[in-house]
Amino acid sequence: MTMENKTEEIIRVEGVSFSYDGVPALLDVNLSVHRGDFLAIIGPNGSGKTTLLKIMVGLLKPGQGRVWLFGQPLEAFKQWHKIGYIQQKATNFDPIFPISVAEVIAASLNSVSRPVKPGRGQVRNKIMEALQTVGLETEAGRPMNSLSGGQQQRVLIARALSTEPEILLLDEPTTGIDYPSQENFYDLLGKLNKQKQLTIVLVTHDYGIVNRHVNRVACLNQKLVYHGEHSEFCQSDRFRELLHGGHHLISHRH
Amino acid sequence: MNGELIFSGLFLRALLAGGGLALACGLLGVFLVLRRDAMISHGLSHVAFAGVALGLALNLMPLIFSIVVCLAGSLLILRLKEQARLPGDTAIALLSSGGLALAVFLMSIKKDFGAELMAYLFGDILAIAPSEVYLAVGLALVVTAGILLNLSRLVFMTFDREAALVSGFSLGRLDRLLVMMTAVTIVLGLRIVGLLLVTGLTVIPAASALQLARNFRQTLLLSSFFSLLSILGGIVLAYVFNLPASAAIIFLALLIFSLSHLLKRWR
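Remember, it's a predicted structure, so these values are computed and weren't measured experimentally.

A.B. asks: Looking at this structure, I do not really get the overall build of chain B. What am I missing?
C.D. replies: Scanning chain B for helices and strands turns up 13 helices and zero strands. Each helix (α) and strand (β) of chain B, taken in turn from the N terminus, gives the series α-α-α-α-α-α-α-α-α-α-α-α-α. In terms of C-alpha radius of gyration, chain B reaches 18 Å, essentially the compact-globule figure of 18 Å for 267 residues. When the 267 residues of chain B are sorted by exposure, 54% land in the buried category. For chain B, the exposed surface amounts to about 11600 Å²; the carbon and sulfur share of it is 69%. Taken as two groups, the 18 positive and 11 negative side-chain charges of chain B have centres that lie 8 Å from each other.

A.B. asks: What should I look at first to understand the pattern of salt bridges in this one?
C.D. replies: Any two side chains of opposite charge can pair, so long as their charged atoms come close to each other. For the structure on display, the rule yields 17 salt bridges over all chains. Put simply, E14(A) and R12(A) hold a salt bridge, and the shortest N to O gap is 2.4 Å. Judged by relative accessible area, which is 31%, E14(A) ranks as partly exposed. One salt bridge in this structure joins R35(B) and D37(B), with 3.3 Å as the shortest N-O distance. In terms of burial, R35(B) and D37(B) fall into one category: buried.

A.B. asks: Mind showing me how you'd approach the interface of chain B and chain A here?
C.D. replies: How big an interface is tends to be reported as the loss of accessible area on association of its parts. The interface of chain B with chain A comprises 23 residues on the first partner and 26 residues on the second. By the criterion of area lost to chain A, the three top residues of chain B are F159(B), E162(B) and V166(B), representing 32% of everything that side buries. At the boundary of chain B with chain A, the tally comes to three salt bridges. Of all elements in the fold, only α8 (151–159), α9 (161–165) and α12 (216–241) of chain B reach the threshold of two or more residues within the side of chain B that touches chain A. Looking at which element gives the most residues to the side of chain B that touches chain A, the answer is α8(B), with six residues.

A.B. asks: Before we go on, may I ask you to explain a nonpolar patch on the surface in this structure?
C.D. replies: Residue and element names in this part refer to chain B. A cluster of nonpolar side chains, contributed by V236, L237, V240, F241 and L243, occupies part of the molecular surface with about 400 Å² of accessible area. Secondary-structure assignment places L243 in the loop between α12 and α13 (245–266). When its relative accessible area of 41% is taken as the criterion, L243 is described as partly exposed.

A.B. asks: Sorry, what's going on with the pairing of strand β4 (residues 64–69) of chain A here?
C.D. replies: Two faces, one strand: in a regular strand the side chains alternate between the faces of the sheet. Residue and element names in this part refer to chain A. Pairing geometry for strand β1 (residues 9–20) and β4, over five bridges, is antiparallel. Counted as the bridge partner of E14 is R66 from β4. Alignment of β4 against strand β5 (residues 72–73), held across two bridges, turns out to be antiparallel. Across the sheet, the residue bridging to W68 is P73, located in β5. The turn joining β4 and β5, which pair antiparallel and follow one another in sequence, is formed by two residues; a positive phi near 50° is taken by F70.

A.B. asks: Can you help me understand the environment of E166(A) in this one?
C.D. replies: All names here are of chain A. Following the sequence through the fold, E166 ends up in the loop between α4 (149–162) and β7 (167–171). Taking C-alpha positions, E166 is 8.7 Å from I200, a pair spaced 34 residues apart along the chain. Sequence-distant contacts of E166, defined by excluding residues within four places in its chain, comprise I10, R35, F70, K82, L198 and T199.

A.B. asks: Would you mind showing me how to read the pairing of strand β8 (residues 199–203) of chain A here?
C.D. replies: Residue and element names in this part refer to chain A. Most of β8 sits out of view: five of its five residues are buried. Burial along β8 is two-sided: the face carrying T199, V201 and V203 and the face carrying I200 and L202 are both buried. Sheet topology note: the strand β3 (residues 38–42)/β8 ladder contains four bridges and is parallel. Its bridge partner being in β8, A40 is matched across the sheet by L202. The sheet contact formed by β7 and β8 spans five bridges and is parallel. Bridged to D171 within β8 is V203. Taken together, β7, helix α5 (residues 179–195) and β8 form a β-α-β motif whose crossover is right-handed.

A.B. asks: Looking at this structure, I do not really get the packing of α8(B) against helix α10 (residues 171–192) of chain B. What am I missing?
C.D. replies: Angle between the axes and distance between the axes: these two values describe a pair of packed helices. Residues and elements named next belong to chain B. Running from N to C, α8 and α10 cross one another at 100°; their axes reach a closest spacing of 11 Å. One way to sum up the angle between α8 and α10 is to call them roughly perpendicular. Across the interface between the two elements, R153, L154 and M157 from α8 touch L171, L174, D175 and L178 from α10. Residue classes in the contact of α8 with α10 are distributed as five nonpolar, no polar and two charged.

A.B. asks: Got a minute to help me understand the packing of aromatic side chains in this structure?
C.D. replies: The description of two aromatic rings rests on the distance between their centres and on the angle between their planes. Under the definition given, this model contains eleven aromatic pairs over all chains. Between F70(A) and F77(A) the ring centres are 5.9 Å apart and the planes differ by 10°, which places this aromatic pair in the stacked class. Both residues of the pair, F70(A) and F77(A), belong to the buried class. Seen in terms of ring centroids, F93(A) and F159(B) are 4.9 Å apart; in terms of plane orientation they differ by 45°. Their pairing is tilted. A residue pair is termed interchain when its members come from two chains, as with F93(A) in the loop between β6 (83–86) and α2 (101–111) and F159(B) in helix α8. Across the pair, exposure class does not vary: F93(A) and F159(B) are buried alike. Site record: aromatic cluster; members linked through ring pairs are F93(A), F97(A), F31(B), F159(B) and F216(B). Positioned above the aromatic ring of W68(A) is the side chain of R12(A), whose terminal nitrogen or guanidinium carbon lies 5.3 Å from the ring centre. Across from the ring centre of F70(A), 4.7 Å away, lies the NZ or CZ of K82(A), which sits over that ring.

A.B. asks: Sorry, what's going on with the side chain of S227(B) here?
C.D. replies: Topologically, S227(B) is positioned in helix α12. Not counting the four nearest positions on each side in its chain, S227(B) is found in contact with A22(B), C25(B), G26(B) and P205(B).

A.B. asks: Even after reading the chapter, I still don't get the sheet that holds β3(A), so can you show me in this structure?
C.D. replies: Residue and element names in this part refer to chain A. Pairing is mixed in the open sheet, where six strands are placed in the order β6-β7-β8-β3-β9-β10. The sheet terminates laterally at β6 and β10 (223–229), the two strands that pair on one side only. Direction aside, the axes of adjacent strands within the sheet are offset by 10° on average. Here β6 runs beside β7; their pairing, made up of four bridges, is parallel. Note that in β7 the partner of Y85 across the bridge is L169. With respect to the sheet, α4 is in contact with β6 and β7, its orientation differing from that of β6 by roughly 160°. Strands in contact with α5 are β3, β7 and β8; relative to β8, the strand with the most contacts, it is inclined by about 150°.

Calculation criteria
All residue numbers refer to positions counted from 1 along the written sequence of the respective chain. To read the labels, note that chains go from A and ligands from 1, taken in the order they are written. Only residues with pLDDT of at least 70 are given local features in this predicted model, and only at 80 or more are side-chain atom pairs given and counted; all residues enter the totals for whole chains, interfaces and linings. Side-chain figures throughout are based on the complete set of non-hydrogen atoms in the structure, without hydrogens or water. Secondary structure follows DSSP: runs of H or I at least 4 residues long count as helices, runs of E at least 2 residues long count as strands, and numbering of each begins at the N terminus. Both definitions apply: the radius of gyration is a C-alpha atom measure, and the globule rule equals 2.2 Å times residues to the power 0.38. Partly exposed describes any residue whose relative accessible area lies between the buried limit of under 20% and the exposed limit of over 50%, with all areas from a 1.4 Å probe on protein chains only and scaled to the type maximum. Residue exposure ignores everything except the shown protein chains as possible cover, and the areas themselves are Shrake-Rupley values with a 1.4 Å probe. Residues scored as charged are limited to Lys and Arg (positive) and Asp and Glu (negative), so that His and the chain ends carry no count. Positions of charges follow a simple convention, taking NZ of Lys, CZ of Arg, CG of Asp or CD of Glu. We define a salt bridge as a contact between a side-chain nitrogen of Lys or Arg and a carboxyl oxygen of Asp or Glu at a distance within 4 Å. Only heavy atoms enter the contact rule, under which two residues are in contact if any of them lie within 4.5 Å. Note: buried area is the sum, over both parts, of the accessible area (probe 1.4 Å) each one loses when the two are combined. The patches reported here contain residues having more than 30% relative accessible area and no salt bridge. Joining distances are 9 Å for like charges and 5 Å for nonpolar side chains (Val, Leu, Ile, Met, Phe, Trp, Tyr). By the convention used here, strands pair only if DSSP detects at least 2 bridges between them. A clockwise course of the path from the first strand over the helix to the second, judged with the strands pointing away from the viewer, identifies a crossover as right-handed. Throughout, an axis means a line fitted to C-alpha atoms (over the contacting stretch in the case of helices), and angles, computed between N-to-C directions, take values from 0 to 180 degrees. For classification, angles of less than 35 degrees are called roughly parallel, those exceeding 145 degrees roughly antiparallel, those between 65 and 115 degrees roughly perpendicular, and all remaining angles oblique. Gly counts as polar in this scheme, as do all residues outside two lists: the nonpolar Ala, Val, Leu, Ile, Met, Phe, Trp, Tyr, Cys and Pro, and the charged Asp, Glu, Lys and Arg. When two rings of Phe, Tyr or Trp (its six-membered ring) have centres within 6.5 Å they constitute a pair, described as stacked for plane angles under 30 degrees, edge-to-face for angles over 60, and tilted for the intermediate range. When the NZ atom of lysine or the CZ atom of arginine is within 6 Å of a ring's centre and also within 35 degrees of its normal, the charge is said to sit over that ring.

Written out as structure tokens, the structure reads:
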């Protein structure tokens, strides 16, 4: 597997292991994400994908190993506006929560630590800009809980984009969303990656739906089984196994 | 209405203290309800009650002493939730029963303040002293400012805690701020509507606002408005019809809730 260092390293995971109350979830994982990558982290249920993503953004502390963000050790990292994160089941928020689309984005935009705080007018512009990117500019005033699951997911992408991040990390973002909306969603991610050079890390079960957008793959089963170029992955035994082996990787619905 | 009472300033004092409290309750209540922390007010009211009993037993200013005890209690609830891995309502139950037990115990050994303590069970806004008005208005302004200054972060972490955790600000600090502001508000509420009704004061206006509001801004505005309407209206009704103010306040708040709910169904 090749690990050529083409561009700036944005995330480095070094010898990370993690266990939940003694039950191992990750074993000695080494992984790096470079600027411009669209990395898919795939693997069966319980393979540690979510755990790895949470360790990458500092939500979980590795038992062993270290994580580097933009060349800094995670513990010392302060520029969180550079990171957009969308967790698993992000659209499962409280259905009675009274909040408009614009307020969802504004709350984050005004909260995230960044060197220069945007002024009120700037916040409004950034919200509209982010909503335009995801095609929801006409819905700014609508209550969040009146949108469809696919639309809500787009709002969360807009929220993540509003702080102008350099990397987006998403954990199974389309769970529970209808198939056409899923395709639209991944097309949008592909566009952001290609046109805006946004680095993307995506944890997914559905490799089938994303494989035309990604350029790197990390295949996880507690240990890192494969980490490299998507094109090489397609030639590998792992991929054939995926296609023919009745594995849970290609398509899995909860 | 008794004109003499108005000119004596009692009525105005009650309105002033009540207005300050209403604003704090209206804003804070929205977060308590949406964070599923409504019962924290209930637990803290018992702790505050124990604080009043301690203050009376030691001959210290009961309101100030109660604020100190209640602040300590609020931080303890947070600690228990985080470190003893207790569900929030269980941590609250521990504290509230402990608080009440302490109050009962103190009453049994020092019987002379029983009647005074009883005033805190049901509240007595019409007996509020000028110094207490300043304290109430001052603290209510601190709570209001505390919420408005941290509004975006409070909304973000209440709506989506996990995403907020990846934003580089301290959620623990805001959790503590919120629970401490609740503690202060509860002590003020204890003086006005009493232990038995203070939870309603922090929860009902927010619950009414949630029936009608379409966004967060509206929720905060409606909740504050309903809270002001209940407390100020309740005080006026109590004067006019010679009712207990605490009961009038809560009845009015519940009436507003019922109307809001009907309006929501009708829309």
